[in-house]
Amino acid sequence: MKSARDRIDVSRLVTAARDCYAQMEPYRKYYADGIRQTTGPYYGPKMVEGVHGAFNLLQLTLSVFQRHLTARNPRVLVRTRPRRLRPEAANQENVLNDTIKRLKLKRTIRAAVGDAFAQMGVVKIGRELMVGSGTTMPSPGSIFVDQVSFDDYVFDTTAKTWDQIAFDGNRYSLPLDTILATDIYDGKVRQRLENARDSFRTRASAKGELASNLAFGAPGTVESYCPMVPLIDTHLKYDNAVVTLVDDSEWDPSETALFMDDWIGPRHGPYRRLSFQDVPSNIMPLPPMSIWRPMSELAAAMFKKVSDQARKSKKVFAIGGAGEEDADRIANAADGTYVRVDHPELIKEMKFDGIDPSNLNFVLMLKMLYSWLVGNLDAVGGLGPQADTLGQEEIMVSSASKQVEDMQDRVVDFVAEIAEDIAWYRWHDDDAVDHVIKRLPGTSGRVEVTAKFDRNRLGGWGDYDYEIAPYSMQHTSPAARMRTLGAVMQQYVLPLLPLMREAGMTVNVPELMRIVTRYTDMEELDGILESVEPLQQADMAGANRPTHTHRTYERRNSPGRTTQGTDAVLMQSLLGKGVQPSEASNVA
C-alpha cells in the first residue's frame, strides 16, 4: 500500500477544506448569535444593543439544562458476556473511571453540551503530539479529550450523512518553537516556518461572525508573547490518514502539509459529535436554541417595552400662572408641614400612567408559553412550586423531566463513545499503568493498587462493551442522598435484617452514622455519639418496641400556591376581572 504522502492530493484537500469552511459560515453566525444572546449586553469590549438584558430566558434555560445533563463526571460500566472476562472488565472499569477523573472530563462534556445547544458539540480524542488539539499540550503517549469550538470545526459538507463524510478537522495554533522541536513534522515546512518567524509574532483576530470574537472583538492585530502558527488537523476517512496543514492562505496549498501519516486510532477518527435534534435529509442538526430564540427574543422585547413604560410613569402638579409662588412654597415644604396657598384652585395633580396592564399580561403569557416550549422550565429547574401537594409536585416534575430524557440519552451515548475511544487507546498501550483506589471486599477500607489493560491475557477488543451508568452525570444533593439512604434502610435493610444475621451480616452502625454526618453536614454528631460496650441479647430484651402503637391521621385542606396559578391570578387582576380573596392572598 502506498504511503499517506504518496496517495493524498494535498492541494485538493486544502481547497476542499477552505470551501467547506466557507459554506459553514451561516451556521457559525447562528452559533455566535446564540451565544451572544446568552451572555447579555455587558459581555465584551463594549455594551451591545439588541441582546437579552434583564429578561434573559435563554441563559436561564441553558444553566438549568446543563445542570441536568453534566453536573458530575460520568461513571463508566464495562460489560462482558464471558464470565471468565469479568475480572478484567472490572479492572478496565477502575482504570477508565480513574482516567476520566484525571482528565476532568466533566468540564469538556459541559462545554460540548453548551455548544450543542447553540449549534453542535465536537470533542477530539487522541494521543501523542501529532494529533494535539492545541488547547492542551499532552506529553507523547498521553491521552487527551478536548472540546473543539464550532468556530474551528470543518467537515465535508458535500456528504448527506456523517457516515459519508470524506474528511473532518479543526483549526488551532501551536507555538512555532514547539513545531521546530518536533521531529515528526516535515523538515522543509519547518524550515519555511522558521524563515517566516517574524510573521507569526503578531496574531490577527479571526474574521467573520465568530463566538471566539465576543470577548475582545474583531478584527484586529495582537502582539503574541511567542510566535504562534495557525494549523488545521484533518482526518481523511477513506484514505485512513491524518494530515496537519499550515493554515495560511498565502502559501501554495501543495506546500502546506506539515505532517502526513496513516491514522492509528478508532476507525471513525478522532472526533465525536453531539447534537440534540436531527433534520431529515440534512447533515446539519437543528439546535434547541434556534427553536427557543424567537419566543425568548419576543418576551425580552416586550419586557423592555413594559420597563420603558414604567420608567416614563410620573405624577406632576400643574399650576396656573398666578400660582407660581404657591408652587415654590409647596416644592420647598417639608413633609407633614403647613403651607400657605393663595390659589388652591390653580393647582391640579396630573398622573401619566406607566405600565399598560395588557402589555404586562402579554409578558406573563409569553413567560408561561416559553416554559411550555422548553419542556416546563419551572418544574425542570425547580424555579417554583408547581402543585399543591408534595405527591402532585413529584408527579409533575417527573413528567417534565421526560422532556429532557431524549437530551440525556444523547449525552449519555455521546459520553459512552468518548469512553470507548479512551478505552481503545488504553487497550493498545502496553506501557500505561494506573494507580487506582479499590475497596476491600466486605469492609469500608480502600487500598491503592496498580492496574492496566491486559489485552494479551483475557479476551479481545470486541469482547467488551463500554456504557455510562444511568444518572451518573446528574447532580444529586446530600439531602436527596439522605432520602435515598432512608428509603433503602426502610424498604430493604431493616426488613431483611433477620435473614442478614443468619447469613452472618449486620449493619455497620458507626459507618452509617459517619455517612449521615457527612450528608447532613452536622459535625456535632461526632460529639453526641460515643462508643460503648455493645448490649448483650438479654439486655436488649427490654429495649424492644411496644407490641401495639396508636397513630392519629388528620387530613387538612388548604389553598396551594403555584407559579402558574400566581401568574394567572395576576393576569386576571390586570385585566380588571374579579379575583377571589383566597386567590389574592396567594399573590401577596
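Since we're looking at a predicted model, the values are computed, not measured.

**Q** Explain the pairing of strand S3 (residues 143-148) here, please?
**A** Successive residues of a regular strand alternate their side chains across the two faces of the sheet. Within S3, five of the six residues are buried, which leaves the element mostly enclosed by the surrounding structure. Sheet topology places strand S2 (residues 121-127) next to S3; six bridges connect them, and they run antiparallel. Pairing of glycine 126 across the sheet is with phenylalanine 144, part of S3.

**Q** Would you take a moment to explain unusual backbone geometry for this structure?
**A** When glycine is set aside, most residues are seen to have a negative phi, and most peptide bonds are trans. Unusually for a residue other than glycine, asparagine 240 sits at a positive phi of about 50°. Mapped onto the secondary structure, asparagine 240 falls in the loop between strand S8 (228-236) and strand S9 (241-246).

**Q** Is there a simple way to think about the nonpolar core in this case?
**A** Note that soluble globular proteins tend to have their nonpolar side chains buried in a common cluster. Residues Phe117, Leu193, Phe276 and Ile418 are the most contacted members of the largest nonpolar core, which totals 103 residues. It is helix H13 (residues 390-427) that contributes the most residues to this core, 13 residues altogether. For isoleucine 418, the contacting residues outside a window of four places in its chain are Leu105, Ile109, Val123, Ile125, Val145 and Arg272. Judged by nonpolar contacts, the second largest core, of five residues, contains Met489, Leu497, Met500 and Leu512.

**Q** When you look at the environment of aspartate 6 in this model, what are you seeing that I'm missing?
**A** Note that aspartate 6 resides in helix H1 (residues 4-7). By relative accessible area, aspartate 6 is classed as exposed at 58%. As a C-alpha pair, aspartate 6 and methionine 260 span 254 residues in sequence and 9.8 Å in three-dimensional space.

**Q** Sorry, what's going on with the packing of aromatic side chains here?
**A** The tally for this structure, following the rule as stated, stands at 13 aromatic pairs. Ring plane angle 90° and centroid distance 6.0 Å describe the contact between tyrosine 27 and tyrosine 30, whose orientation is recorded as edge-to-face. You can see tyrosine 27 and its partner tyrosine 30 sitting in helix H3 (residues 25-39), three residues apart, about one turn around the helix. Ring centres of phenylalanine 155 and tryptophan 162 lie 4.6 Å apart, and the angle between their planes is 55°; on these two criteria the pair is classed as tilted. The ring of tyrosine 21 has arginine 28 sitting right over it, with the charged end atom 3.6 Å from the ring centre.

**Q** Looking at this structure, how should I read the confidence of the model for the chain?
**A** Averaged over all residues, the pLDDT of the chain is 80; the fraction at 70 or higher stands at 75%. In this model residues 130-140 is a low-confidence stretch, pLDDT under 50, and it forms 32 contacts with partners more than four residues away in sequence or in other chains.

**Q** Where do I start with the packing of helix H14 (residues 478-493) against helix H16 (residues 509-520) in this structure?
**A** Helix packing geometry: the angle between the two helix axes and the distance between the axes. Following both chains from N to C, one finds H14 and H16 inclined at 150°, their axes separated by 8 Å at the closest point. In this view, H14 runs roughly antiparallel relative to H16, as classed from their interaxial angle. The way H14 lies across H16 gives a crossing that is left-handed. Between H14 and H16, the residues in contact are Pro478, Arg481, Met482, Leu485 and Met489 and Leu512, Ile515, Val516, Tyr519 and Thr520, respectively. Of the residues belonging to the contact of H14 with H16, the class tally is eight nonpolar, one polar and one charged.

**Q** Explain the sheet that holds S3 here, please?
**A** Sheet strands associate in pairs through backbone hydrogen bonding, adopting either a parallel or an antiparallel arrangement. The sheet built from three strands is open, its strands ordered S3-S2-S11 with antiparallel pairing. Single-partner strands in this sheet number two, and they are S3 and strand S11 (271-274). This sheet shows a mean twist of 20° between the axes of neighbouring strands, independent of strand direction. The strands touched by helix H6 (residues 105-118) are S2, S3 and S11; relative to S3, the strand with the most contacts, the crossing angle is about 25°.

**Q** Explain the pairing of S8 here, please?
**A** The element S8 is extensively covered by neighbouring structure, given that eight of its nine residues are classed as buried. Examined bridge by bridge, strand S5 (residues 167-175) and S8 share nine bridges and lie antiparallel to one another. Paired with arginine 171 across the two strands is isoleucine 232, which belongs to S8. Of the strand pairs in this sheet, S8 and S9 are connected by six bridges, and their pairing is antiparallel. Each residue of the ladder has a partner; that of histidine 235, found in S9, is valine 242.

**Q** What am I meant to see in the sheet that holds strand S4 (residues 153-155) here?
**A** On the basis of which strands lie adjacent, the open sheet formed by five strands has the order S4-S5-S8-S9-S10 and antiparallel pairing. Because the sheet does not close on itself, it has two edges, and the strands there are S4 and strand S10 (257-262). Averaged over all neighbouring strand pairs, the angle between strand axes comes to 20°, with direction disregarded. Bridge count between S9 and S10: five bridges; the pairing is antiparallel.

Basis of the calculations
- Sequence order as written defines the numbering, with residues in each chain counted from 1.
- Where totals are concerned, whole chains, interfaces and linings use all residues; where local detail is concerned, this predicted model gives features only for residues with pLDDT of at least 70, and gives and counts side-chain atom pairs only at 80 or more.
- For side-chain calculations, the full set of non-hydrogen atoms in the structure is used, while hydrogens and water are omitted.
- Each residue is assigned to one of three classes by its accessible area relative to the maximum for its type, calculated with a 1.4 Å probe on protein chains only: buried under 20%, partly exposed between the two thresholds, exposed over 50%.
- In DSSP terms, a helix is any run of H or I states spanning at least four residues, a strand is any run of E spanning at least two, and both are numbered starting from the N terminus.
- Should DSSP find at least two bridges between two strands, the strands are taken to pair.
- Grouping buried Ala, Val, Leu, Ile, Met, Phe, Trp, Tyr and Cys residues that are joined through side-chain atoms within 4.5 Å yields what is termed a nonpolar core.
- Contacts: residue pairs with any heavy atoms within 4.5 Å of one another.
- In this analysis, rings of Phe, Tyr and Trp, with Trp reduced to its six-membered ring, are considered paired at centre separations within 6.5 Å, and the interplanar angle assigns stacked below 30 degrees, edge-to-face beyond 60, and tilted for intermediate values.
- The rule for a charge over a ring is simple: NZ of Lys or CZ of Arg within 6 Å of the ring centre, and within 35 degrees of the ring normal.
- For every residue, the predictor reports its confidence as pLDDT, a number between 0 and 100.
- Interaxial angle, 0 to 180 degrees, is taken between N-to-C directions of lines fitted to C-alpha atoms, where a helix line uses only the stretch in contact.
- The cut-offs work like this: below 35 degrees is roughly parallel, past 145 is roughly antiparallel, 65 to 115 is roughly perpendicular, and the gaps in between are oblique.
- Handedness of a helix crossing follows the sense of rotation of the near helix relative to the far helix, less than a right angle counterclockwise being left-handed and clockwise being right-handed.
- Asp, Glu, Lys and Arg are counted as charged, while Ala, Val, Leu, Ile, Met, Phe, Trp, Tyr, Cys and Pro are counted as nonpolar; the rest, among them Gly, fall into the polar class.

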